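# A structural walkthrough
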Amino acid sequence: MEKYNKKVMDHFLNPRNMGKMQNPTVTGEAGNAVCGDVLFLYLKIEKNEEGKDIIKDVKFETFGCAAAIATSSALTEIIKGKTIDEAQRVSNKDVEEYLGQLPLIKKHCSNLAEDALKDALKKLKDKK
Ligand code: FES
């Protein structure tokens, strides 16, 4: 059976930015219909010196498998500090590249991260 690589294991065992955020600007949600795993992504949006909206802070809560937790953690590291426009271009491919390789049967787990980010950015747009 294919194993998780070291980076995936590290993000699973030491997840970055895990936990609930008080007063997020927006919360993205995603669920995997097949396994029932769920991800909540909390974003704090602020303007940078150039007046652009950026992801000032990000946290996540994932109720799911090891790959779902590791990819959620990786996503937070990728998008933290990015402008909204930049974050819009982040996909689950970026998450997989960041982590190296996910076992084939776990590839679908990274969809949670992309779906939650898309949901959060859509809600942010609707808010304006
Ligand atoms: S098995 Fe559900 S997201 Fe991985």
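Before going into details, it helps to say that this report is about the structure given with it. Keep in mind that this is a model prediction, so the values were computed, not measured.

Time to look at the sheet that holds strand β1 (residues 26–31). Across the sheet, three strands lie side by side as β1-β2-β3; this open sheet has antiparallel pairing. Single-partner strands in this sheet number two, and they are β1 and β3 (53–63). This sheet shows a mean twist of 20° between the axes of neighbouring strands, independent of strand direction. Packing against the sheet, helix α2 (residues 66–79) makes contact with β2 (38–47) and β3, and its axis sits at approximately 170° to β3.

Taken together, the six bridges between β1 and β2 define a ladder with antiparallel strand orientation. Looking at the pairing, V26 lines up with L43 of β2. Linkage of β1 to β2, two consecutive antiparallel strands, is achieved through a turn of six residues, within which G36 is found at a positive phi near 85°.

Residues N92, V95 and L99 constitute the buried set of helix α4 (residues 92–99). Each buried residue of α4 sits inside an arc of 55° when the element is viewed along its axis, so together they form one side. Those residues of α4 that are exposed and aimed more than 90 degrees away from the buried face are K93 and E97. Structurally, α4 contributes buried residues whose contacts are with α1 (6–13), α2 and α5 (111–127). A positive phi of about 95° marks G100, the residue just after α4.

About the cut-offs
- Residues numbered from 1 in each chain as written.
- Predicted model: local features only at pLDDT ≥ 70, side-chain atom pairs only at ≥ 80, totals over all residues.
- Pairing = 2+ DSSP bridges.
- Helix = DSSP H or I, 4+ residues; strand = E, 2+ residues; numbered from the N terminus.
- Axes fitted to C-alpha atoms, helices over the stretch in contact; angles between N-to-C directions.
- Contact = placed C-beta atoms within 7 Å.
- Buried ≥ 20, exposed ≤ 12 C-beta atoms within 10 Å, placed from the backbone.
- Arc of directions from axis to C-beta.

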